[in-house]
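Notes for the structure review
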Amino acid sequence: MNEPDFNLAESKIAIVGLGLMGGSLALGLRGKCAALYGFDPHLPTLELALSQQIVDYADSDPARSSVLPEADIVILSAPVPAILTLLEQLPSFMPNSCIVMDLGSTKKQIVDAMTRLPDRFDPIGGHPICGKEKLSLANAERTLYYAASFLLTPLERTSPRALSAARQIIEALGARMSLLNAAEHDRILASTSHLPFLLASALALATPNDVAAFVGTGFKSTSRVAGTPSSMMLGVLQSNRENVLNVLHGLQKEISGIESALASEDFLQLETILDRSRSNYQTLIGN
């Protein structure tokens, strides 16, 4: 576990979860490592992965696989609650030493669970900032990670070898690596990812169905992430509850200010709010 060297081209990588993110990861790494092993409980997903040669080996249950112990790195690509369960189970079906990485959308609970892994595991948290509202392997893309930020949350016990492995995977995908601690990651993502999902969901709920014929690109782009299945987002919101509540309170304050200006016909104040909003938007997106 102390070797500083890791050679992606010679490594065997196991991806547990072959949905949009895990499938896109496999597509992006295909031909860049020695072997790809895929695991997913959905049998049609396994059939698709094998028929399109996305992975070299596929199984529905990592616990019964004789191939998993051969992996140099195990990457957990599943909803946050499933990742937490897998981290509890991993020691029982992975007897060998290996690097363990995840792609979960929140990090504090996952990193805490990683600290409890036996010493033979070399863990590192990860979160690629990319994706689509349409999940599943059928929607996976080889270039999904390209030019995206890929955040890493190393533990105190994370070795230089594990960090090197993660860096080589990120470079192979064409993504951009950044390092954060887990708590800071969750605070930031509450604003940039989890709040936009809730805002889009509220917008979709507040819009009556009889206006569907008049929905244009502005509404579609603003509400797009509301199409993300709740099965993916519920665990994210549960595991980052306090941070999400904090940013929700901030959003409610801003909406109240807009409502108050409209209700009192204070259009000068409304203009000030909108100008401030535009300026902040330009700062956020780098214009």
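Scroll up to find the structure.
Residues numbered from 1 in each chain as written. Predicted model: local features only at pLDDT ≥ 70, side-chain atom pairs only at ≥ 80, totals over all residues. Heavy atoms only, no water.

Two quantities define a packed helix pair, namely the angle between the helix axes and the distance between the axes. Put simply, helix α9 (residues 241-263) and helix α10 (residues 267-285) touch, their axes get as near as 8 Å, and they point 150° apart. Comparing the axis directions of α9 and α10 gives the class roughly antiparallel. Considering the relative orientation of α9 and α10, their crossing is left-handed. Across from Glu254, Gly257, Ile258, Ala261 and Leu262 in α9, the residues of α10 making contact are Phe267, Gln269, Leu270, Ile273 and Arg276. Class assignment of the residues belonging to the contact of α9 with α10 gives a composition of six nonpolar, two polar and two charged. (Axes fitted to C-alpha atoms, helices over the stretch in contact; angles between N-to-C directions. Helix = DSSP H or I, 4+ residues; strand = E, 2+ residues; numbered from the N terminus. Parallel < 35°, antiparallel > 145°, perpendicular 65-115°, else oblique. Left-handed = near helix turned anticlockwise from the far one by under 90°. Contact = heavy atoms within 4.5 Å. Nonpolar A, V, L, I, M, F, W, Y, C, P; charged D, E, K, R; others polar.)

Between helix α3 (residues 80-93) and helix α4 (residues 108-115), the least distance of the axes is 10 Å, while the angle of their chain directions is 5°. On the basis of the axis angle, α3 is roughly parallel to α4. Two secondary-structure elements touch here, α3 through Val80, Ile83, Leu84 and Leu87 and α4 through Gln109, Ile110, Ala113 and Met114. In terms of residue class, the contact of α3 with α4 is made up of seven nonpolar, one polar and no charged.

The next point concerns the pairing of strand β7 (residues 149-154). Bridge count between strand β6 (residues 121-128) and β7: five bridges; the pairing is antiparallel. Pairing of Gly125 across the sheet is with Thr153, part of β7. Bridge analysis of β7 against strand β8 (residues 176-179) gives four bridges, and the strand direction is parallel. Bridging from a neighbouring strand, Leu152 pairs with Leu179 of β8. Following the backbone out of β7, through helix α5 (residues 160-173) and into the adjacent parallel β8, one traces a crossover that is right-handed. (Pairing = 2+ DSSP bridges. Right-handed = clockwise from strand over helix to strand, strands pointing away.)

Tracing the backbone shows Arg30 in the loop between α1 (20-29) and β2 (35-39). Judged by relative accessible area, Arg30 falls into the partly exposed class, the value being 37%. The residues contacting Arg30, other than those within four sequence positions of it, are Leu36, Gln52, Gln53 and Ile54. Engagement of the side chain of Arg30 in a polar contact is seen with the backbone oxygen of Gln52, the distance being 3.1 Å. (Buried < 20%, exposed > 50% of the residue type's maximum accessible area, 1.4 Å probe, protein only. Polar contact = N/O pair within 3.5 Å; in protein donor to acceptor, adjacent residues only side chain to side chain.)

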